[in-house]
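Topology and contacts: notes
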Amino acid sequence: MQTSESFRLSAILSFSGGLQDAYTYNVRGNVFANAQTGNVVLMSQNFMMGNWNSGIHYMLPLISFAAGVFITEQIEYRLKINKGVHWRQLILLIEMLLLGIVGFMPTSLNIVANMMVSFACAMQVQAFRTVHGYGYASTMCIGNLRSGTESLSQFLRNKDRASLNKAFHFFGIILFFAIGAGAGGVLSNVLYTKTIWISMILLLVVTVMMIKENR
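Quick summary incoming for the structure in this document. (Residues numbered from 1 in each chain as written. Predicted model: local features only at pLDDT ≥ 70, side-chain atom pairs only at ≥ 80, totals over all residues. Heavy atoms only, no water.)

1. Observations concerning the overall build of the protein
Each helix and strand in the protein was counted, giving eight helices and two strands. Listed by position from the N terminus, the elements making up the protein come as α-α-α-α-α-β-β-α-α-α. Compactness check: the protein gives a C-alpha radius of gyration of 18 Å against a globular reference of 17 Å for 215 residues, within 12% of the reference. With respect to the principal axes defined by its C-alpha atoms, the protein has extents near 50 × 45 × 35 Å. Evaluated residue by residue, the protein yields a buried proportion of 47% over its 215 residues. Accessible surface, the protein as shown: approximately 10600 Å² in total, 67% of it carbon and sulfur. Across the protein, the centroid of the 15 positively charged side chains sits 4 Å from that of the 8 negatively charged ones. (Helix = DSSP H or I, 4+ residues; strand = E, 2+ residues; numbered from the N terminus. Rg over C-alpha atoms; globule rule 2.2 N^0.38 Å. Buried < 20%, exposed > 50% of the residue type's maximum accessible area, 1.4 Å probe, protein only. Areas by Shrake-Rupley, 256 points an atom, 1.4 Å probe, with all protein chains shown as cover. Lys, Arg positive; Asp, Glu negative; His and termini not counted. Charge placed at Lys NZ, Arg CZ, Asp CG, Glu CD.)

Structure (structure tokens):
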């Protein structure tokens with residue numbers, strides 16, 4: 001199993017994903033970096049009520065997220081067979097650069113900051129999609145909650161230990177996401193715009209873990 005699919009690495013990414021969502025919501029104008037469903041609801045609501053500026057405020061991170069997925073897929077396609085730097089390590093480096101810049105941005109540039117964080121989140125969720133062979137999302141919970149509950153139901157019906165193990169993986173990922181979100185909310189009151197640098201440090205840890213695996 002690759003390090004990129006280990007529970008330990010996935011837990012760190014999920015913690016970071018939760019922190020990013022709390023950061024953009026608490027510090028950057030009540031926008032979700034990862035939970036694009038929430039942004040779609042708020043965007044549509046504001047557009048329907050004629051609040052065009054507010055609607056655009058939620059639409060731009062949505063577009064940025066889609067762009068992040070698109071760019072990551074292109075990078076994977078072109079570099080997957082590269083024997084040098086692993087394409088996922090390149091994604092992590094781009095993420096760290098973007099989040100590092102966001103930490104310097106004043107609140108007057110919240111729209112740009114939210115777009116950059118959403119772009120970085122999309123790169124992460126597209127690049128890291130499996131934990132122990134199970135498909136998951138490191139920056140949102142609804143898919144993980146569905147999969148974990150389904151696996152738990154299968155275990156209770158069939159007593160299949162593999163299903164229980166799968167459920168524990170998904171619920172564990174959700175737990176670390178929740179802890180990250182809570183930490184992000186608390187730290188936002190202390191570090192304010194600089195809180196996002198915690199995610200940058202976590203991504204650096206993930207990068208080092210992957211480099212050690214390659215060696």
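2. Focus on the pattern of salt bridges
If you walk through the whole model with that rule in mind, you get two salt bridges. Where Arg-129 meets Glu-76, a salt bridge forms, and the shortest distance between an N and an O atom there is 3.3 Å. Taken together, the positions of Arg-129 in the loop between helix H5 (110–127) and strand S1 (130–131) and Glu-76 in helix H3 (residues 52–79) put the pair 53 residues apart, joining distant regions of the chain. Arg-146 is paired through a salt bridge with Glu-150; the nearest N and O atoms lie 3.5 Å apart. Note that Arg-146 and Glu-150 are positioned in helix H6 (residues 142–158) at a spacing of four residues, about one turn of the helix. For Arg-146, a relative accessible area of 49% translates into the label partly exposed. (Salt bridge = Lys/Arg side-chain N within 4 Å of Asp/Glu carboxyl O.)

3. Things to note about the packing of helix H2 (residues 36–48) against H3
Relative to each other, H2 and H3 sit at 150°, their axes nearing to 8 Å. On the basis of the axis angle, H2 is roughly antiparallel to H3. For the pair H2 and H3, the sense of crossing is left-handed. Across the interface between the two elements, Gln-36, Asn-39, Val-40, Leu-42, Met-43, Asn-46 and Phe-47 from H2 touch Trp-52, Ser-54, Gly-55, Ile-56, Tyr-58, Met-59, Pro-61, Leu-62 and Phe-65 from H3. Its residues placed into classes, the contact of H2 with H3 shows eleven nonpolar, five polar and no charged. (Axes fitted to C-alpha atoms, helices over the stretch in contact; angles between N-to-C directions. Parallel < 35°, antiparallel > 145°, perpendicular 65-115°, else oblique. Left-handed = near helix turned anticlockwise from the far one by under 90°. Contact = heavy atoms within 4.5 Å. Nonpolar A, V, L, I, M, F, W, Y, C, P; charged D, E, K, R; others polar.)

4. Digging into the packing of helix H1 (residues 7–27) against H5
Interaxial distance between H1 and H5 falls to 11 Å at its minimum, and their mutual angle equals 165°. One element, H1, and the other, H5, form an angle in the roughly antiparallel class. Relative to H5, the crossing made by H1 is left-handed. Facing H1, whose interface residues are Leu-13, Ser-16, Gly-17, Gln-20, Thr-24 and Val-27, H5 presents Asn-110, Asn-114, Val-117, Cys-121 and Gln-124. Among the residues forming the contact of H1 with H5, the class breakdown is four nonpolar, seven polar and no charged.

5. Comments concerning the side chain of Asn-110
Within the element layout of this structure, Asn-110 appears in helix H5. By relative accessible area, Asn-110 is classed as buried at 13%. In this structure the side chain of Asn-110 is engaged in a polar contact, spanning 2.9 Å, whose partner is the side chain of Arg-28. Once residues lying within four places of it in the same chain are set aside, the contact partners of Asn-110 are Val-27, Arg-28 and Gly-29. (Polar contact = N/O pair within 3.5 Å; in protein donor to acceptor, adjacent residues only side chain to side chain.)

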